[in-house]
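Now for the letters of each chain:
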Amino acid sequence: TEAHLEAIEGAGALNAFVHHTPEIARAQAKAADARIARGDQPDMCGIPIGVKDLFCTKGVLSQAASKILDGFKPPYESTITDKLFHDGAIMLGKLNMDEFAMGSSNETSVYGDAVNPWRAGNSEAALTPGGSSGGSAAAVSAHLCLGALGTDTGGSIRQPAAFTGITGIKPTYGRCSRWGIVAFASSLDQAGPMTRSVRDAAIFLRAMSGHDPKDSTSADLPVPDFEAMLTGDIRGQVIGIPKEYRIDGMPEEIDTLWQQGIDMLRDAGAEIRDISLPHTKYALPAYYVIAPAEASSNLARYDGVRFGHRAKLSQGDGITEMYEKTRAEGFGDEVQRRVMVGTYVLSAGFYDAYYNRARKVRTLIKKDFEDVFAAGVDAILTPATPSSAFELGAMEDADPIQMYLNDVFTVTVNLAGLPGIAVPTGQDRRGLPMALQLIGKPWEEGALMNVAQSLE
Ligand code: GLN
């Protein structure tokens, strides 16, 4: 714990940790020491971790990287952090992220950009660690913690993991409780671990998982010992290669990496099978209707009354002005864009044309996956991202849709509620990490991580 606290002090330039909690960490470390001395050592006992700012942590600033939650210290603990602390995990602090987890570069954060610890060749240019869990990715990659909590609504664990050369898994929807995690798009949001190896992810995920009566969408299923499932034996596993993920304009090195991954799994004894997921091309538009729709509803609670920031009012201002001014000041541009898009697609005149249509597309995407799994495929191998990390600021003047394209390979997994893992598998020509994604059957994270280990 002391070594990590020291490393964090020395890595301020990465802007990964945005709230430091050394007193909590030291007290938890002491308690963990005492526990270990008694011979009581759960898996996470004494493990120093970082927590994405989206998690509510009791008495500790939890702002979802937004001005509107300025000063918010929840009077309660999220189920996941509570479970981890019960197991003896140590919180080093809260981690940077895109505001309300909306973004793919950590550039929408009220705390400023998190910075990728990697550099391209000899270049000094600062790169994005990806987003929205950019602080989590930067911290784990730079050895500021042994693992970090992330959340993934459309790729926010997997894309930053890919950009920083670490492992990140989004479990099956319902595997982990969402209670106490600031809601973005409730039907898509899942928490997951970000770590430096698949084995660490397996240990971490088990400690986070399980039924929670406080989240009606958390599944009442046993949590397997994922680590014990990492046998290294993938002989006979059928790995699907979906042709729709070979998109136009994909850099050649991503294609080469994908082929390398195929070869690695084949060499390990897997059977490689070409498959089709025909509705893939509609996933990104469907996601960018459904996610903003749910966000516009979830973010309605930030009204200047209950949490955080409230605008200064002028003489004669009423409650409407209070809402308007507070929300205009408190939400950043991207969040306002999502709220406007979401409100529009849910409005009486457009509901059927956009929101209902997107929901139908979502069902078709889910069915695509069900069909290939029913036909005997065990896991699906795709690239994790359409590029490696890009420079901070590079997308500043770009159309917001350019940023959304980052999620082209990851959103399908959230729409279908499946587990997906990003594993670092190679480097691009500038020496930056690149990753592949494996998509698994519902509730089969253990089998998925076992295949993923063959790519490490
Ligand atoms: N980049 C996607 C978005 O902005 C995904 C974010 C996430 O997974 N939280 O919506």
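Here is what the cut-offs are and how they apply
- Residues numbered from 1 in each chain as written.
- Predicted model: local features only at pLDDT ≥ 70, side-chain atom pairs only at ≥ 80, totals over all residues.
- Core = buried A, V, L, I, M, F, W, Y, C linked by C-beta atoms within 7 Å.
- Buried ≥ 20, exposed ≤ 12 C-beta atoms within 10 Å, placed from the backbone.
- Helix = DSSP H or I, 4+ residues; strand = E, 2+ residues; numbered from the N terminus.
- Contact = placed C-beta atoms within 7 Å.
- pLDDT = per-residue confidence, 0-100.
- Expected span 1.5 Å × (residues − 1).
- UniProt positions renumbered as here; feature names shortened; annotations may be inferred.

One finds Ile49, Ala139, Leu438 and Met449 to be the most contacted residues of the largest nonpolar core, which totals 129 residues. Examining the composition of this core, we find that ten residues originate from one element, helix H8 (residues 283–298), more than from any other. In contact with Ala139, other than residues within four places in its own chain, are Ala16, Phe17, Gly50, Leu95, Leu144, Cys145 and Ala148.

Here the focus is the confidence of the model for the protein chain. Looking at the protein chain as a whole, its pLDDT mean stands at 97, while 100% of the residues score no less than 70. Both scores are available for the predicted complex, with the pTM at 0.98 and the ipTM at 0.98.

As a further point, take helix H10 (residues 333–346). Over its 14 residues, H10 runs 20 Å from end to end, which matches the ideal 20 Å to within 8%, given 1.5 Å per residue. Considering only its buried residues, H10 is in contact with H8 and helix H11 (351–374).

Attention shifts here to helix H4 (residues 134–141). With eight of eight residues buried, H4 lies mostly within the body of the structure. For H4, every residue scored as buried is listed here: Gly134, Gly135, Ser136, Ala137, Ala138, Ala139, Val140 and Ser141. Buried-residue contacts for H4 involve strand E1 (17–20), strand E2 (48–52), strand E3 (90–95), strand E4 (147–152), helix H5 (158–164) and strand E6 (190–195). Positive backbone phi, at 60°, marks His143, one or two positions downstream of H4.

This brings us to the UniProt feature "active site" (unreviewed entry) in the protein chain. Residues annotated in UniProt with the feature "active site" (unreviewed entry) correspond here to Lys52, Ser132 and Ser156. Judged by maximum C-alpha separation, these annotated positions cover 105 residues in sequence but sit close together in space, the widest gap being only 11.2 Å. Secondary-structure assignment places Ser132 in the loop between E3 and H4. Taking the number of C-beta atoms within 10 Å as the measure of exposure, Ser132 has 35 and is therefore buried. If we ignore the near neighbours within four places in the chain, the residues touching Ser132 are Met97, Asp98, Ala101, Met102, Gly103, Asn106 and Ser156. Structurally, Ser156 can be placed in the loop between E4 and H5. Note on Ser156: 36 C-beta atoms within 10 Å, which makes it buried.

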